[in-house]
Amino acid sequence: MIEKDYERKYMYAVRYELIKTCKQTGARLGRLHTPHGVIETPIFMPVGTQATVKAMTPEELKDIGSQIILSNTYHLYMRPGHDLIERAGGLHKFMNWDKPILTDSGGFQVFSLGPLRKIKEEGVEFRSHLDGSKHFLSPEKATEIQNALGSDIIMAFDECAPYPADRQYVKNSLERTTRWLERCKAAHKYPERQALFGIVQGGMYKELREQSAREITAIDLPGYAIGGLSVGEPKEMMYEVLDYTVPLLPEDKPRYLMGVGSPDDLLEGVLRGIDMFDCVLPTRIARNGTAMTSQGKVVVRNASYAEDFTSLDPECDCYTCRNYTKAYLRHLIKCNEILGARLLTIHNLHFLLKLMENVREAIREDRLLDYKKDFFEKYYGK
Ligand SMILES: N#Cc1ccc(CCNc2nc3cc4nc(N)[nH]c(=O)c4cc3[nH]2)cc1
Ligand SMILES: [Zn+2]
């Protein structure tokens, strides 16, 4: 009886609440209700590929306002193994993160392995990036792994076509991705508490994107992602694909643009009606000594900062900007000190999370275009 009642009440693990659509653009303000809490959208999701957002503790992530983080099926399957994480009580418990988690399906990661992999209808055969051992990922296997991890949002196992790719290849690949989505949905053990998102493919071809969007959204799911972008194509091309793909997605479900991104791409994506983003950019460039600041990019490694005893970003109130100077951060990065990676990661994530908070406020007040104009002038000087 309880099972029945539970199922009836929660048709989906994740429910999207559309609060407002911006009058000036296609931007939306929303809330994503999940079993581990409510997420205000548009949202940027820090990437924690191997069950950790590199250099950050969960408390630090919460302090800077992270509402949800991303982890990765491929990496966790390879090491330490999804079965171990399941025995540990699931990914939330294993990594001591009690807010929402989204896991990518491994599709993109396996395809990034390049020649080390063979794609068949059944799934993808590949060699481990760790020890070269042979493995096989299928829609069923990728779903089983994510069921074991217990993430709140699980991604369909798809094929992200490379860029550039010829039309016929992209067509065959998007049609296989649709068949794989059906298999993921059939294999999914816990739809009442883990939301399966479908992923639209179709490369940079308008008719193929329309075909994929039709096929993927014909399968009733709690959310949909746009894949196959941020794969090396020119920015303008990505924006054009979004222009004609986003309107094909249902308004009452969240839209997730995978692998994006930089401040300009986040703003351009929000303007076109995207609700969710993820990217390794802020954390990766932090470890290499580059900061995103209100005055634009600052490469603290540069000699010009050797005796710059001012804050990294005068307009930022994060822990790093309140307590350290550019000279000290440069010193840490030059010495490859772990604290350098930590302090710049704290700042960069805070910067993007604050950007998204400002974006939500601008949508609320119908002034997103003005906000974007001011931001671009300060950050890009244009
Ligand atoms: N630093 C840095 C940096 C490194 C890589 C990138 C590109 C990330 N782009 C990207 N991630 C993706 C994940 C994806 N996952 C799946 N399952 N499917 C995709 O089509 C897909 C497409 C993606 N495109 C962007 C910045
Ligand atoms: Zn800061």
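Keep in mind that this is a model prediction, so the values were computed, not measured.

Caption draft 1: Up close: the environment of T283. Relative to the elements of secondary structure, T283 occurs in helix α12 (residues 281-287). The class for T283 is buried, based on a relative accessible area of 4%. Sequence separation between T283 and G90 is 193 residues; the distance between their C-alpha atoms is 25 Å. Apart from the residues lying within four places of it in its own chain, the contact partners of T283 are V53, T345 and L349.

Caption draft 2: Expanded view of the UniProt feature "binding site: substrate" (unreviewed entry) in the protein chain. The UniProt record annotates "binding site: substrate" (unreviewed entry) at D104, S105, G106, G107, F108, D158, Q201 and G228. Relative to the elements of secondary structure, F108 occurs in helix α6 (residues 107-111). Checked against the element boundaries, G228 lands in the loop between β12 (223-226) and α10 (235-245). If we skip the residues at most four places from it in the chain, G228 touches C160, Q201, M204 and R209.

Caption draft 3: Molecular detail of the packing of helix α11 (residues 263-271) against helix α15 (residues 338-364). Close contact between α11 and α15 brings their axes to 11 Å; oriented N to C, the two are set at 25°. Here α15 runs roughly parallel to α11, going by the angle between their axes. α11 and α15 meet at a crossing whose hand is right-handed. Residues P263, L266, L267 and V270 of α11 lie in contact with α15, whose contacting residues are F351, L352, L355, M356, V359 and I363.

Caption draft 4: Spotlight on the pattern of salt bridges. Across all of its chains, the model carries 31 salt bridges by this definition. E125 is the salt-bridge partner of K134, the closest N and O atoms lying 3.8 Å from each other. Judged by relative accessible area, E125 falls into the buried class, the value being 17%. One salt bridge connects R272 with E268, and the closest N-O pair in it is separated by 2.7 Å.

Caption draft 5: Here's a closer look at the sheet that holds strand β3 (residues 37-41). The sheet built from 3 strands is open, its strands ordered β1-β2-β3 with antiparallel pairing. Both edges of this open sheet fall to β1 (15-21) and β3, since each of them pairs with a single strand only. Between one strand and the next, the sheet's axes are offset by a mean angle of 15°, whatever the strand orientation. Pairing of strand β2 (residues 28-34) with β3, which is carried by 5 bridges, proceeds in the antiparallel orientation.

Caption draft 6: Quick look at the site of ligand 1. Around ligand 1, 17 residues are found, and the nearest of them are D104, D158, G228, L229 and S230. In the environment of ligand 1, a nitrogen atom lies 2.7 Å from a nitrogen or oxygen atom belonging to the side chain of D158. Here an oxygen atom of ligand 1 sits 2.7 Å away from a polar atom, N or O, in the main chain of G228. In isolation ligand 1 exposes 560 Å². Once the protein is present, 82% of that is buried. A breakdown of the residues in the shell around ligand 1 according to their chemical character gives 8 nonpolar, 6 polar and 3 charged.

Caption draft 7: How the structure looks around the UniProt feature "domain: tRNA-guanine(15) transglycosylase-like" (unreviewed entry) in the protein chain. Residues annotated by UniProt as "domain: tRNA-guanine(15) transglycosylase-like" (unreviewed entry) correspond here to residues 25-380. Taken end to end, residues 25-380 has its terminal C-alpha atoms 22 Å apart, with 43% of it in helix and 18% in strand.

Cut-offs used in this document
Residues numbered from 1 in each chain as written. Chains lettered and ligands numbered in written order. Predicted model: local features only at pLDDT ≥ 70, side-chain atom pairs only at ≥ 80, totals over all residues. Heavy atoms only, no water. Helix = DSSP H or I, 4+ residues; strand = E, 2+ residues; numbered from the N terminus. Buried < 20%, exposed > 50% of the residue type's maximum accessible area, 1.4 Å probe, protein only. Contact = heavy atoms within 4.5 Å. UniProt positions renumbered as here; feature names shortened; annotations may be inferred. Axes fitted to C-alpha atoms, helices over the stretch in contact; angles between N-to-C directions. Parallel < 35°, antiparallel > 145°, perpendicular 65-115°, else oblique. Left-handed = near helix turned anticlockwise from the far one by under 90°. Salt bridge = Lys/Arg side-chain N within 4 Å of Asp/Glu carboxyl O. Pairing = 2+ DSSP bridges. Near = heavy atom within 4 Å. Polar contact = N/O pair within 3.5 Å; in protein donor to acceptor, adjacent residues only side chain to side chain. Areas by Shrake-Rupley, 256 points an atom, 1.4 Å probe, with all protein chains shown as cover. Nonpolar A, V, L, I, M, F, W, Y, C, P; charged D, E, K, R; others polar.

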